[in-house]
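Report on the structure
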Amino acid sequence: MPSEQIESFLSHASPALVPALRAHSGLEAALEGLVREARGAWPEVHMDVSGFLSHVARRLPSSGEAHEVLAGLRAGDTFLAFACMRGDARAMEALDTRLLSQVGTWLPREPPARVDELRQLLRQRLLVPEGGAPAKLASYSGRGPLAQWVRAVALRLLIDQQRASPREVPLEQAPVALAESIGVDPELAFIRQRHQEDFRVAFRSALARLDSQERNLLRLHHVHGLSVDSVGATYQTSRSTAARWIVRARERLMALIREELTTRLALTPDELNSLLRLVQSQLDVSLHQLMAD
């Protein structure tokens with residue numbers, strides 16, 4: 001790789017990260033690998049190597065180990081986003097056929113007309129600058145799957161639509177409106193409602209991964225309503241020990257639920273954390289309902 005391309009890459013990276021990049025003995029090989037991976041993913045799309053590497057550099061974090069930062073980049077997805085921002089016709093066709101065609105799959109409960117409308121809005125949001133700001137696709141960092149990132153943008157668009165034009169539906173089918181009326185974040189309620197079955201499956205799988213004592217502690221306390229003192233008496237231990245065991249069982253359950261949801265759902269980290277906060281706030285009710293089934 002010509003040295004001017006490497007210097008151009010470094011000139012577009014965060015100044016705080018440049019020393020680590022310069023010290024990385026495998027920098028040239030890593031950059032060549034990114035270019036090779038990007039070309040392999042989209043051989044039909046023209047590549048401006050210097051432009052692509054500059055695009056990559058501008059999206060690197062300002063800190064971290066150089067080899068880890070570069071290894072964590074999804075070169076194919078980043079190149080597709082870069083080429084779309086450049087207006088490459090084949091790249092935009094690939095965006096349409098590989099990603100935007102999936103909107104109906106991501107939102108299976110929405111009618112076809114709304115899916116078509118949302119697909120057009122999503123395309124515009126991704127590719128068209130708005131209010132002096134660059135197009136949304138320019139903010140894709142390449143750190144996670146592009147499909148997952150685009151799906152999150154589509155979900156937020158749908159939420160915005162529903163907030164702007166609320167539909168009259170039965171209360172039990174209107175988590176967003178209900179959430180607004182009781183002061184809960186409507187976006188969290190929407191995510192929870194849309195993934196209700198995924199949540200139930202993840203919760204049950206997490207419960208199954210607890211050991212028998214952890215499950216029994218949660219069942220005694222949350223389903224049968226035994227006090228901490230009574231749980232302690234059942235296990236012939238002190239109140240403080242029983243309380244510590246219950247807290248530990250709840251914390252392990254939440255950690256396992258996070259693992260299960262991460263595996264099952266393509267949510268962004270922010271969406272996952274928001275959903276887990278909602279799960280945590282309703283853990284007592286969920287334990288009572290699902291462990292009593």
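Quick summary incoming for the structure in this document. Source: prediction; values computed, not measured.

Thoughts on helix H14 (residues 212-223)
With twelve residues, H14 extends 15 Å from end C-alpha to end C-alpha; this agrees with the ideal 16 Å at 1.5 Å per step. Within H14 the residues assigned to the buried category are Glu214, Leu217, Leu218, Leu220, His222 and Val223. Between the side-chain oxygen of the N-cap and the backbone nitrogen of Gln213 there are 3.1 Å, and the N-cap of H14 in question is Asp211. Remark: Gly225 follows H14 within two positions and exhibits a positive phi of approximately 75 degrees.

Let's talk about the nonpolar core
Considering soluble globular proteins, one finds that nonpolar side chains tend to be buried as a cluster. In terms of nonpolar packing, the biggest core is built from 54 residues, with Phe9, Leu21, Phe52, Leu122, Leu126 and Val150 touching the most fellow members. When neighbours within four sequence positions are excluded, Val150 is seen to be in contact with Leu99, Leu100, Trp106, Leu122 and Leu126.

Observations regarding the packing of aromatic side chains
A complete count under the given rule lists four aromatic pairs for this structure. Taken together, the aromatic side chains of Phe52, Phe79 and Phe82 make up a single cluster linked through ring pairs.

Considering the pattern of salt bridges
Two side chains that carry opposite charge are able to pair once their charged atoms sit near each other. Throughout the structure, instances matching the rule amount to ten salt bridges. For Arg22, the salt bridge identified is with Glu7, shortest N-O distance 3.0 Å. Linking Arg22 in helix H2 (residues 18-23) with Glu7 in helix H1 (residues 3-12), this pair joins segments that are 15 residues apart in sequence. For Glu7, a relative accessible area of 40% puts it in the partly exposed group.

Here's the deal with the side chain of Thr78
You can see Thr78 is positioned in helix H6 (residues 75-85). Thr78 has contacts with Phe52, His55, Val56, Leu73, Tyr140 and Gly142, leaving out every residue within four places of it along the chain.

A look at the environment of Phe82
Tracing the backbone shows Phe82 in helix H6. Since its relative accessible area comes to 5%, Phe82 is described here as buried. It is 8.8 Å that separates the C-alpha atoms of Phe82 and Val56, two residues lying 26 residues apart in sequence. Those residues within four positions of Phe82 in sequence are excluded, and the remaining contacts are Asp48, Gly51, Phe52 and His55.

Definitions and cut-offs
- Residues numbered from 1 in each chain as written.
- Predicted model: local features only at pLDDT ≥ 70, side-chain atom pairs only at ≥ 80, totals over all residues.
- Heavy atoms only, no water.
- Helix = DSSP H or I, 4+ residues; strand = E, 2+ residues; numbered from the N terminus.
- Expected span 1.5 Å × (residues − 1).
- Buried < 20%, exposed > 50% of the residue type's maximum accessible area, 1.4 Å probe, protein only.
- Polar contact = N/O pair within 3.5 Å; in protein donor to acceptor, adjacent residues only side chain to side chain.
- Core = buried A, V, L, I, M, F, W, Y, C linked by side-chain atoms within 4.5 Å.
- Contact = heavy atoms within 4.5 Å.
- Phe/Tyr/Trp six-rings, centres within 6.5 Å; stacked < 30°, edge-to-face > 60°.
- Salt bridge = Lys/Arg side-chain N within 4 Å of Asp/Glu carboxyl O.

All quantities given are derived from atomic positions and should not be read as evidence of function.
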